[in-house]
Structures are given as structure tokens and as C-alpha cells.
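A closer look at the structure
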2 protein chains.
Amino acid sequence: MAPRWKGKTAEAKALAEPMSVIVSKLQTSLIESNAQGLLSGSAVLLEALPEQTELLYRACIGRPVITAEKKNKQWHQLSFEEALYLCSVLKCIKVAGENECAKSDEEMWHYMVAKRVGFPVLFKAYSHLRRKNWVVRAGSQYGADYVAYRYHPAFVHSEYAVLALPDEDGDDGNARLKVWSDYHCTLRLCGSVAKTLLVLHISRNGEDVVSLSSLEHYSVEERIVTRWNPEVSRENQTMIMKK
Amino acid sequence: MAPRWKGKTAEAKALAEPMSVIVSKLQTSLIESNAQGLLSGSAVLLEALPEQTELLYRACIGRPVITAEKKNKQWHQLSFEEALYLCSVLKCIKVAGENECAKSDEEMWHYMVAKRVGFPVLFKAYSHLRRKNWVVRAGSQYGADYVAYRYHPAFVHSEYAVLALPDEDGDDGNARLKVWSDYHCTLRLCGSVAKTLLVLHISRNGEDVVSLSSLEHYSVEERIVTRWNPEVSRENQTMIMKK
């Protein structure tokens, strides 16, 4: 499926600067300014310089929070996935807890795993797609864990509705696609919003969820689920194509 | 939600003969002719007289099978739910197995329970709605167990997408609506096809699934799940309505 562009100039704008370049600029800028986020319930708040605000928007990470504070700074709200990705993968921010002390990546991990059911599998899926320069946003509107965009959402519609499913059953269990009616529901919805269902089967390979570092040993198997169209492999289809 | 009629004359036609009257005529006619179905894999085949064919159509039970047989008879394919409902609730057909001997209701029950995962809960849901004169059809197109119509599908669109969920976990388990993403998916799809989600929570009340007669002791709790619209209870909404 080709990307569905939003408007005529979108393609040129999106191709002008690849996501990897934007994320790399954001990374450099945050490292230089010693950026530090604040853990706040189920989110992380990050104060950013105007340049960083622009880069966060273009990388599609976090969302600005409206405050009445200093004009040259802007607060952003990051999801757990976004914050942990900036901390532990891009290594460009630190996050402080309530006592204002910076937390280690492992401390962040423990906090998030305790706070959110299924977080290890969700974060593995998020970071897996982000590393491949997909733009990843929450998918609850479409009954999915995430949606994935090939470029910035200002330029394209999302291509994939993503479900992250643990291969092993357990307390991370994201109990989806266990019965046919769930498959039918998900595929019908994906069809009606022109997305493809991407199922990421994530296996812990015997690792436990105790440490963030064990995540490296998880494996991810990507499966696309679509309806099979019998016409595609039909004789007369080939004939039509030859005409 | 009011019924969504198909065309201008649909309402008058639907109201002219209530579903309870149609089903009762079908029942009488099948009893008079000593109708007997044949168990065939995951369906039951029933040979019907022209009058019965007409009544089966109007009651929306089974679907005609195209055959090259006798002109004055018509074969119909009944689902397990439909066949068992005609046998055990309306008591108007008998069903024979491969040996051409009529099976008892309990024998049918055992066959169907063994053949189809979750059948006790599904049949309880089907018969619960049918007894209330809803027209019940398979809901797989909408990722549901059933869809329910207020009148014949020729006159109205279906109003409800129905999921039948066992209250107890077990091997009947219909693993739906265990996680939020499944709720989001189901509600979004229901919204886009203008149906309301009807969840039938079915409790065995400690009964086992061994016998058909235990089904009488199952209880059914009907829950409608919709998005809550905060505007509905708002002050200015009342003011707008008063204008």
C-alpha cells in the first residue's frame, strides 16, 4: 500500500528531510541542553527550548502543554514509551522523580512496568518501530495499541494499526485476537479506515521482565493480517493485467 | 435508537404481522407435517413445503439451498442454533443423524457442544433473544457473535451487534472485551455501522454444560455499551431544548 498523502505538496515536504535526520537533530539538541524531564503520574513532562519544541513536533514525540509560564520555554507531555525511548535508546534526556533526583533507566523501567499493564511488550513494539523510523502514535481511536505513519502525520495518513501481542501468556497478556470474532472486528475496522493490521508477536525468549536490559533479548515477529482476495491469483486477472 | 427502515413501505409491512405470529404459524405448520431435519456436519438440512419455505423466510430462520430436486419441496440449511431452537424450544421438528434415527434433544446438544467451541453460551444468547421475538442472524461481518433485528431484515437494518460472554472463565470462554483496545475497536466499528453493542453476560450459576436442561438455570444479563456524551447532561443542552 502506498502512503496516502495529505495534499499535493505533502510528498515533497516529507521527502525533503527524513525522519532519521529530524530525530538525530532532536537528540543532539537535547543532549547539548542537558534536558531533564519530570515524572508526573502516567506521563513525563519535559521543558524544551523553541528549537526543541519545533523538533519534537517534527519528530512527532510528545505533545505541547499549555501553560502560562516563560515565553521562551514550552512544556511537553511525553508518554511512558516516548520518555523511555528518549532516555534509554536515544540517551538524550534524564528524568527526575518526585524527589527531583534523576532516575536511572532501570528505575524508570520499574516504575513504568508497575504502573502500566503489559508495558514491556508495548515498549518493545514502540521502540522496534521507532528504530526503523516509523512515526508511532497511540492507536486507541482504532482499537489498536499504536498506529504507524511512514512520515509525519501532517503529511500522510497512518498506514498501520499495530497490535503488540506477547507470545507467552502471562500478566503482560494483551488478550487480543484469541477468537475469530475479534479478528473479524479488527479487520473490518482496519478496512473501513484504510489501514493494514500489523501484529507484532513479541517473545520474551525466556527472559523475565525484571530489567530493562533483558528487552534486548526479546524477539519481534512482524505479521500483516489482511483478507485474502481469491481474484488476485486468478487466471483472468493475469489476462486483464496483460491487456 | 429507532429502527432504521429500509424504504417507505417497510414500516407498514413489518407492523402488519408481528414476528411472534409468523413464528407461531411456522411452528404449527412444521408440527403438522412431522418435519424432520438431517444433521450434516455443522448444519442441519430441512426439507420444507412451499408454505413452510415462505414462513422460514419471513421468520428469518435458515437459508434455502439450491438443489435440482422435486419442484414442490425446498431444502433449507439451518445453523446449529436455529435447528436446536426449532427442536427444543418450539418443539416443531425432529432431527435425524447419519443412521436416519431421530436424535433426542440431549443427543443433539452433546453433538453440537462437542463440535462448536462456546456453543452453550452462544445458544443461550440466541434463544434468549429469539424468545423475545428479535430476529437473530450471524454477526461475523461485524466482528460480533450475532446481530439482532427488530423486524425482518428486508424491512430494517440490524440495531444491535451482540456479543455473548460467559461470566465464568472456562473452555466456553469467548475471550472478548478483556482489554480496552478490544472495547475501542468494537465500539468504533459499531459506531461506523450504526449499531449498538449489546453484551449478554451469561452465567452458568454453577450448572455444568453436560445437559441441555441445565440451560434453563443459566442467567442472562443484558448490557448496552455506548460512548457517553457529556453534552447530554449539560446545562446549555437543556436550554437549547427549551428554545
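Residues numbered from 1 in each chain as written. Chains lettered and ligands numbered in written order. Predicted model: local features only at pLDDT ≥ 70, side-chain atom pairs only at ≥ 80, totals over all residues. Heavy atoms only, no water.

1. Here we look at the pairing of strand 2 (residues 43–48) of chain B
Residue and element names in this part refer to chain B.
- Sheet analysis places strand 1 (residues 36–40) next to strand 2, joined by four bridges and oriented antiparallel. What sits directly across from Gly37, in strand 2, is Leu46.
- With antiparallel pairing between neighbouring strands as the criterion, strand 1 and strand 2 make up a hairpin whose turn holds two residues, including Gly41 at a positive phi of roughly 65 degrees.
- Bridge analysis of strand 2 against strand 4 (residues 74–78) gives five bridges, and the strand direction is antiparallel. By the bridge assignment, Leu45 is partnered in strand 4 with Gln77. (Pairing = 2+ DSSP bridges. Helix = DSSP H or I, 4+ residues; strand = E, 2+ residues; numbered from the N terminus.)

2. Quick word on the side chain of Ser211(B)
Residue and element names in this part refer to chain B.
- Inspection of the secondary structure assignment puts Ser211 in the loop between strand 10 (196–203) and strand 11 (219–225).
- Looking at Ser211, its side chain comes within polar contact range of the side chain of Ser213, at 3.1 Å.
- Ser211 has contacts with Glu106 and Trp109, leaving out every residue within four places of it along the chain. (Polar contact = N/O pair within 3.5 Å; in protein donor to acceptor, adjacent residues only side chain to side chain. Contact = heavy atoms within 4.5 Å.)

3. Some details on the sheet that holds strand 9 (residues 160–166) of chain A
All names here are of chain A.
- Taken in spatial order, the five strands line up as 7-8-9-10-11 in an open sheet, and their pairing is mixed. A single partner strand is all that each edge strand has here, and the edge strands are strand 7 (135–138) and strand 11 (219–225). Averaged over all adjacent pairs, the angle separating strand axes in this sheet is 30 degrees, with direction ignored.
- Inspection of the sheet shows strand 7 paired to strand 8 (residues 146–149) by four bridges, in the antiparallel sense. Its bridge partner being in strand 8, Val135 is matched across the sheet by Tyr149.
- Relative to the sheet, helix 7 (residues 180–192) contacts strand 9, strand 10 (196–203) and strand 11, its axis offset from that of strand 10 by approximately 135 degrees. (Axes fitted to C-alpha atoms, helices over the stretch in contact; angles between N-to-C directions.)

4. Notes on the packing of aromatic side chains
- Per the counting criterion, the structure on display carries 18 aromatic pairs over all chains.
- An angle of 20 degrees between the planes, with centres 5.8 Å apart, marks the rings of Phe119(A) and Phe123(A) as stacked. Here Phe119(A) and its partner Phe123(A) are both found in helix 6 (residues 119–131), four residues apart, which amounts to about one turn of the helix. For the pair shown, Phe119(A) and Phe123(A) are each scored as buried.
- When the centroid spacing of 5.1 Å and the interplanar angle of 20 degrees are considered together, the rings of Trp5(B) and Tyr151(B) count as stacked. One end of the pair, Trp5(B), is in the segment before helix 1 (10–16); the other, Tyr151(B), is in the loop between strand 8 (146–149) and strand 9 (160–166), and 146 residues separate them in sequence.
- The structure contains a cluster of three or more aromatic residues connected by ring pairs, namely Phe80(A), Trp109(A), Tyr111(A), Phe119(A) and Phe123(A).
- Of note, Lys195(A) hangs over the ring of Tyr142(A), and the distance from its end group to the ring centre comes to 4.7 Å. (Phe/Tyr/Trp six-rings, centres within 6.5 Å; stacked < 30°, edge-to-face > 60°. Buried < 20%, exposed > 50% of the residue type's maximum accessible area, 1.4 Å probe, protein only. Lys NZ or Arg CZ within 6 Å of the ring centre and 35° of its normal.)

5. So, the pairing of strand 1 (residues 36–40) of chain A
All names here are of chain A.
- Every second residue of strand 1 is oriented toward a common face, the buried set being Gly37 and Leu39 and the non-buried set Gln36, Leu38 and Ser40.
- Sheet topology note: the strand 1/strand 5 (residues 94–96) ladder contains three bridges and is parallel. Note that in strand 5 the partner of Gly37 across the bridge is Val95.

6. Details of the state of the cysteines
- One pass over the full model with this rule turns up zero disulfides over all chains.
- With no disulfide partner, Cys87(A) has as its closest neighbouring cysteine sulfur the one in Cys92(A), 7.9 Å distant. (Disulfide = S-S within 2.5 Å.)

7. A closer look at the pattern of salt bridges
- Under the definition given, this model contains 16 salt bridges over all chains.
- A salt bridge links Lys132(A) to Glu222(A); its shortest N-O distance comes to 3.6 Å. Note that Lys132(A) is positioned in the loop between helix 6 and strand 7 and Glu222(A) in strand 11, a separation of 90 residues in sequence.
- Exposure remark for Glu222(A): the relative accessible area of 42% places this residue in the partly exposed category.
- Two residues, Lys25(B) and Glu17(B), come together in a salt bridge whose shortest N-O distance is 2.6 Å.
- Exposure remark for Lys25(B): the relative accessible area of 41% places this residue in the partly exposed category. (Salt bridge = Lys/Arg side-chain N within 4 Å of Asp/Glu carboxyl O.)

8. A few points about the packing of helix 7 of chain A against helix 7 (residues 180–192) of chain B
- Axis separation between helix 7 of chain A and helix 7 of chain B bottoms out at 9 Å; the angle between their running directions is 60 degrees. Of the possible angle classes, the one that applies to helix 7 of chain A and helix 7 of chain B is oblique. For the element pair helix 7 of chain A and helix 7 of chain B, the recorded crossing hand is left-handed. Across from Asp182(A), Cys185(A), Thr186(A), Arg188(A) and Leu189(A) in helix 7 of chain A, the residues of helix 7 of chain B making contact are Asp182(B), Cys185(B), Thr186(B), Arg188(B) and Leu189(B).
- For the contact of helix 7 of chain A with helix 7 of chain B, the class distribution of residues is four nonpolar, two polar and four charged. (Parallel < 35°, antiparallel > 145°, perpendicular 65-115°, else oblique. Left-handed = near helix turned anticlockwise from the far one by under 90°. Nonpolar A, V, L, I, M, F, W, Y, C, P; charged D, E, K, R; others polar.)

Just distances and angles here, no functional claims.
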